[in-house]
Amino acid sequence: MTSPHEAPVLRITGRVLTGPGPEDVRDEIWAVGGRVSLTPPAGSGDALTVSGWALPGLIDAHCHIGLDGHGAIDAAAAEKQAVTERDAGVLLLRDAGSPSDTRWVDDREDLPRIIRAGRHIARPRRYIRNYGHEVEPAELAAHVRQEARAGDGWVKLVGDWIDRDRGDLAPCWPADALREAVAAAHEEGARVTAHCFAADSLPDLLDAGVDCVEHATGLTEETIPRFAERGVAVVPTLVNIATFPDLAASGEAKFPRWAAHMRALHARRYATVRAAWEAGVPVYPGTDAGGTIPHGLIAREIAELVRAGIPAAEVVAAASWGGRAWLGRPGLTEGAPADLVVYASDPREDVRVMAAPRRVVLNGRVVA
């Protein structure tokens, strides 16, 4: 494999959206040795030119590499998942739980970077089989420490799931176990995110100091202000929430109360996301790819967030420089990895262009 210093010199020209403000647009940047240069290098006459509307490589803030509907998959299948994301312009993935060891991806300069949350942590028989650690509340904090050390600064909890005795969604953890677990993660230098569909799992998570909530379909007028005040982020995964009616239909005969709940959450999904954003809750795009959701759907998720009522320019920012800053990774700044995606027109004017990248550049090389 070619090393970074052998990467060609690229001139990226047209309109380069670097963020964080709408006025932060450059006419050109350069990729030299796989890194961003804001000034022309010596001998730039031989540079390969890439033209269009350029953004920092996109994020998918909730996906799963190395996971399908049955559990862990082999490296060849995981590679196909990563390549699919890359070719869609996603060059930074937050893997929100996987039983696979994907550290080998870090040695591949042609694949996106992954920020791992370790493996899901769930209650016994309260999540998808073969996905996560299944532990009782007394064991939660210890497993959180384990996954904090195994991951890349994140831990993923399953905050609620169907309770078969109740026949509906219900919180998975008592409040005291959550407080101890989140404190343990923070002591290890990790942030905590939680899968949550329903409303009644959210107050205890907020009290415990959770940093992010996935899906968050149960946000209410009472909890949204608390999210905003504490800066707790939300990743709505609207392309996943779109599957709720089919899920409800498949389980309605056995769990009618749960099915009705899922339909209600689906029906108000756009209003929920819009209310959260209007209140100042940080909202980031994530597809929940892996498991049963295909990879490569970031453009669809972005379009769904716009449909929910978030301005296109705000969603584009959250999908690029803003999301990268939240995840602790640079955008198109001097010396940063030259990871970017180029479109034919301004995605802030029409996000539909994001479904068809003109070029994808990873570590200073055109890869798609």
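To start, this report covers the structure provided alongside it.

Here we look at the nonpolar core
So, point 1. With 91 residues, the main nonpolar core has Leu55, Leu58, Leu140, Val144, Leu157, Phe227 and Met354 as its most contacted residues.
So, point 2. Broken down by element, the residue count for this core peaks at 6 residues, all from helix H3 (residues 175–187).
So, point 3. Residues within four places of Val144 in sequence aside, it is in contact with Ile121, Val155, Leu157, Ala181, Ala184 and Ala185.

Here's the deal with the side chain of His266
So, point 1. In this fold, His266 is placed in helix H8 (residues 256–267).
So, point 2. Look at His266 and you get buried, because its relative accessible area is 16%.
So, point 3. Leave out the neighbours within four places in its chain, and His266 touches Ile241, Ala242, Phe244 and Pro245.

Structural notes on the pairing of strand S1 (residues 10–17)
So, point 1. Across 7 bridges, S1 lies against strand S4 (residues 48–56) in parallel orientation. Within S4, the residue paired with Leu10 across the bridge is Leu48.
So, point 2. Where S1 lies against strand S2 (residues 25–32), 6 bridges are found, and the strand directions are antiparallel. Looking at S2, one finds that Leu17 is bridged to Val25.

Let's talk about the environment of Ala141
So, point 1. Inspection of the secondary structure puts Ala141 in helix H2 (residues 140–150).
So, point 2. Judged by relative accessible area, which is 9%, Ala141 ranks as buried.
So, point 3. In sequence terms Ala141 and Leu178 are 37 residues apart; their C-alpha atoms lie 8.0 Å from each other.
So, point 4. Residue contacts for Ala141: discarding those within four places in its chain leaves Glu180, Ala181 and Ala184.

What about the state of the cysteines?
So, point 1. Summed over the entire model, instances satisfying the criterion amount to 0 disulfides.
So, point 2. Left unpaired, Cys172 is separated from the closest cysteine sulfur, that of Cys196, by 8.4 Å.
So, point 3. Unpaired in this structure, Cys212 has its nearest cysteine sulfur neighbour in Cys196, at a distance of 10.0 Å.
So, point 4. Residue classification places Cys212 among the buried residues on the basis of a relative accessible area of 0%.

Thoughts on the packing of helix H7 (residues 244–251) against H8
So, point 1. Closest axis-to-axis distance for the H7/H8 pair is 8 Å, and the angle between their directions is 170 degrees. The orientation of H7 with respect to H8, classified from their angle, is roughly antiparallel. For the pair H7 and H8, contact is made by Phe244, Pro245, Leu247, Ala248, Ala249 and Gly251 and by Trp258, Ala259, Met262, Arg263, Leu265 and His266, respectively.
So, point 2. Broken down by class, the residue content of the contact of H7 with H8 amounts to 9 nonpolar, 2 polar and 1 charged.

Re the environment of Gly286
So, point 1. Here Gly286 shows up in the loop between helix H9 (269–278) and strand S17 (289–291).
So, point 2. With relative accessibility at 0%, the residue Gly286 sits in the buried group.
So, point 3. Sequence separation between Gly286 and His62 is 224 residues, and the spatial gap between their C-alpha atoms is 4.3 Å.
So, point 4. Aside from chain neighbours lying at most four places away, what touches Gly286 is Asp60, Ala61, His62, Val235, Thr237 and Glu301.

Calculation rules
Residues numbered from 1 in each chain as written. Predicted model: local features only at pLDDT ≥ 70, side-chain atom pairs only at ≥ 80, totals over all residues. Heavy atoms only, no water. Core = buried A, V, L, I, M, F, W, Y, C linked by side-chain atoms within 4.5 Å. Buried < 20%, exposed > 50% of the residue type's maximum accessible area, 1.4 Å probe, protein only. Helix = DSSP H or I, 4+ residues; strand = E, 2+ residues; numbered from the N terminus. Contact = heavy atoms within 4.5 Å. Pairing = 2+ DSSP bridges. Disulfide = S-S within 2.5 Å. Axes fitted to C-alpha atoms, helices over the stretch in contact; angles between N-to-C directions. Parallel < 35°, antiparallel > 145°, perpendicular 65-115°, else oblique. Nonpolar A, V, L, I, M, F, W, Y, C, P; charged D, E, K, R; others polar.

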